Amino acid sequence: MATSTESPFKSNILKGKVALITGGASGIGFEISTQFGKHGASVALMGRRKQVLQSAVSVLQSLSIPAVAFEGDVRKQDDAARVIESTFKHFGKIDILVNAAAGNFLAAAEDLSPNGFRTVLDIDSVGTFTMCHEALKYLKKGGPGRSSSSGGAIINISATLHYTASWYQIHVSAAKVRVNGIAPGPISGTPGMSKLAPEEIGSKSRDEMPLYKLGEKWDIAMAALYLVSDAG
Ligand code: HXC
């Protein structure tokens, strides 16, 4: 069985690709950034916290991964446009967008203010759309003669809490931009777990999880890696 240090993929499957990862400096997003980089991609990280971005870039660069970070909030359209343009200017193209930025907290409906509700929707739903909207023109760019599998790719990191589908909206993804979703269950070592399920899930995972363990950030990164590679 593969461990967290062995990849089942060739180390060059993302060679020459440029990926922009929102929330890419922490949690699942950072593991995706790292694995994409280890498999040949250049990565741009977007996030709100300067210190977190700087330390993530240092770690990536210490692994010889071409990495850059841009401060920005996915709730702000200007930030989205600026970060995407900066990524394009820095690396010359954008092949992959991963929307891993998320906001969440536990609150009973009666204690959740409309602004709290809106805040999470603005980050998770509207922010994801805004990033896609601003990135599509770059993701759809490509030289003549490119193969159908070498177009842009979008990965939206979701959750299992709210399965939904977007019928009648496939026109956006029709022009060689694949859009996949990954819906992680509880993943160990993430802000989501420490914020939302401090003890119970971790200590009971043997009894309640089909695999007798929590998911790992690496699992999600490997799924993302498969989906953005030509194999996906
Ligand atoms: C009730 C809360 C609250 C809480 C914030 N609010 N925290 N309400 N309970 N614990 C309300 C505030 O009162 C305010 O409404 C509104 O939300 C906005 O709060 P701000 O603090 O001003 O927002 P901001 O500073 O922008 O922070 C956004 C955030 C924050 C979402 C609230 O938690 C954040 O930045 N999170 C990012 C990291 C994160 O959450 N990662 C985990 C993702 S896990 P009022 O009305 O007072 O103005 C995940 C899925 C995991 O997505 C699934 C696991 C199984």
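Procedures and definitions
Residues numbered from 1 in each chain as written. Predicted model: local features only at pLDDT ≥ 70, side-chain atom pairs only at ≥ 80, totals over all residues. Helix = DSSP H or I, 4+ residues; strand = E, 2+ residues; numbered from the N terminus. Buried ≥ 20, exposed ≤ 12 C-beta atoms within 10 Å, placed from the backbone. Contact = placed C-beta atoms within 7 Å. Pairing = 2+ DSSP bridges. Axes fitted to C-alpha atoms, helices over the stretch in contact; angles between N-to-C directions. Parallel < 35°, antiparallel > 145°, perpendicular 65-115°, else oblique. Left-handed = near helix turned anticlockwise from the far one by under 90°. Nonpolar A, V, L, I, M, F, W, Y, C, P; charged D, E, K, R; others polar. Near = placed C-beta within 6 Å. Expected span 1.5 Å × (residues − 1). Arc of directions from axis to C-beta.

Turning our eyes to something else, we now look at the overall build of the protein chain. A count of helices and strands for the protein chain gives 8 helices and 6 strands. Listing every helix and strand of the protein chain by position from the N terminus yields β-α-β-α-β-α-β-α-β-α-β-α-α-α. Relative to its 232 residues, the protein chain shows a buried fraction of 34%. For the protein chain, contacts bridging at least 24 residues in sequence account for 70% of all contacts bridging at least 6.

Moving on, we come to the pairing of strand E4 (residues 96–99). The side-chain alternation of E4 yields two buried faces, one formed by Ile96 and Val98 and the other by Leu97 and Asn99. Of the pairings in the sheet, the one linking strand E1 (residues 18–22) to E4 comprises 4 bridges and is parallel in character. Bridging across to E4, Ile21 finds its partner in Val98. Pairing geometry for E4 and strand E5 (residues 153–157), over 4 bridges, is parallel. Bridging across to E5, Leu97 finds its partner in Ile154.

Turning our attention to the packing of helix H3 (residues 77–91) against helix H4 (residues 114–139). At a minimum axis distance of 9 Å, the contact between H3 and H4 shows a crossing angle of 30 degrees. By the angle between their directions, the pair H3 and H4 is classed as roughly parallel. The crossing of H3 and H4 is right-handed. Taking contact as the criterion, the partners of Gln77, Ala80, Ala81, Ile84 and Phe88 in H3 are, on H4, Thr130, Met131, Glu134, Ala135 and Tyr138. Along the lines of polarity and charge, the residues of the contact of H3 with H4 split into 7 nonpolar, 2 polar and 1 charged.

Our focus in this paragraph is the site of the ligand. Near the ligand you find 19 residues, and of these Ala102, Gly103, Ser113, Gly116 and Gly192 are the closest. When residues of the shell around the ligand are traced back to their parent elements, those giving at least two are H4 and helix H6 (191–196). Take the shell around the ligand: its biggest share by element is 5 residues, from H4. The class makeup of the residues in the shell around the ligand is 10 nonpolar, 7 polar and 2 charged.

This brings us to the environment of Glu6. As for its position among the elements, Glu6 is in the segment before E1. For the pair Glu6 and Pro66, spaced 60 residues apart in sequence, the C-alpha separation works out to 21 Å.

In this section: helix H1 (residues 27–38). For H1, spanning 12 residues, the distance from its first C-alpha to its last is 17 Å, which sits close to the expected 16 Å at 1.5 Å a residue. Within H1, 11 of the 12 residues are buried, which leaves it mostly tucked inside the rest of the structure. Among the residues making up H1, those that are buried are Gly27, Ile28, Gly29, Phe30, Glu31, Ile32, Ser33, Thr34, Gln35, Phe36 and Gly37. Where H1 ends, the next residue or the one after it, Gly40, has phi of about 105 degrees, a positive value.

Okay, H3 next. Counted at 1.5 Å a residue, the expected span for H3 with its 15 residues is 21 Å, and the 21 Å between its end C-alpha atoms agrees. Of all the positions in H3, only Asp79, Ala80, Val83, Ile84 and Thr87 are classed as buried. Mapping the buried residues of H3 onto a view down its axis gives an arc of 125 degrees, with all of them on the same face. Opposite the packed face of H3, turned more than 90 degrees from it, sit the exposed residues Asp78 and Lys89. Downstream of H3 by one or two residues, Gly92 has phi in the positive range, about 90 degrees.

In this section: the environment of Thr87. Inspection of the secondary structure puts Thr87 in helix H3. Taking the C-alpha atoms as reference points, Thr87 and Ala153, separated by 66 residues in sequence, lie 16 Å from one another. Apart from the residues within four sequence positions on either side, Thr87 is in contact with Leu20, Ala44, Phe70 and Ile94.

On to unusual backbone geometry, then. Despite not being glycine, Ser64 has its phi angle at roughly 65 degrees, a positive value. By the secondary structure assignment, Ser64 is in the loop between helix H2 (50–62) and strand E3 (67–71). Not every positive phi belongs to a glycine, and Tyr212 is a case in point at roughly 60 degrees. Tracing the chain through its elements places Tyr212 in the loop between helix H7 (200–208) and helix H8 (217–228).

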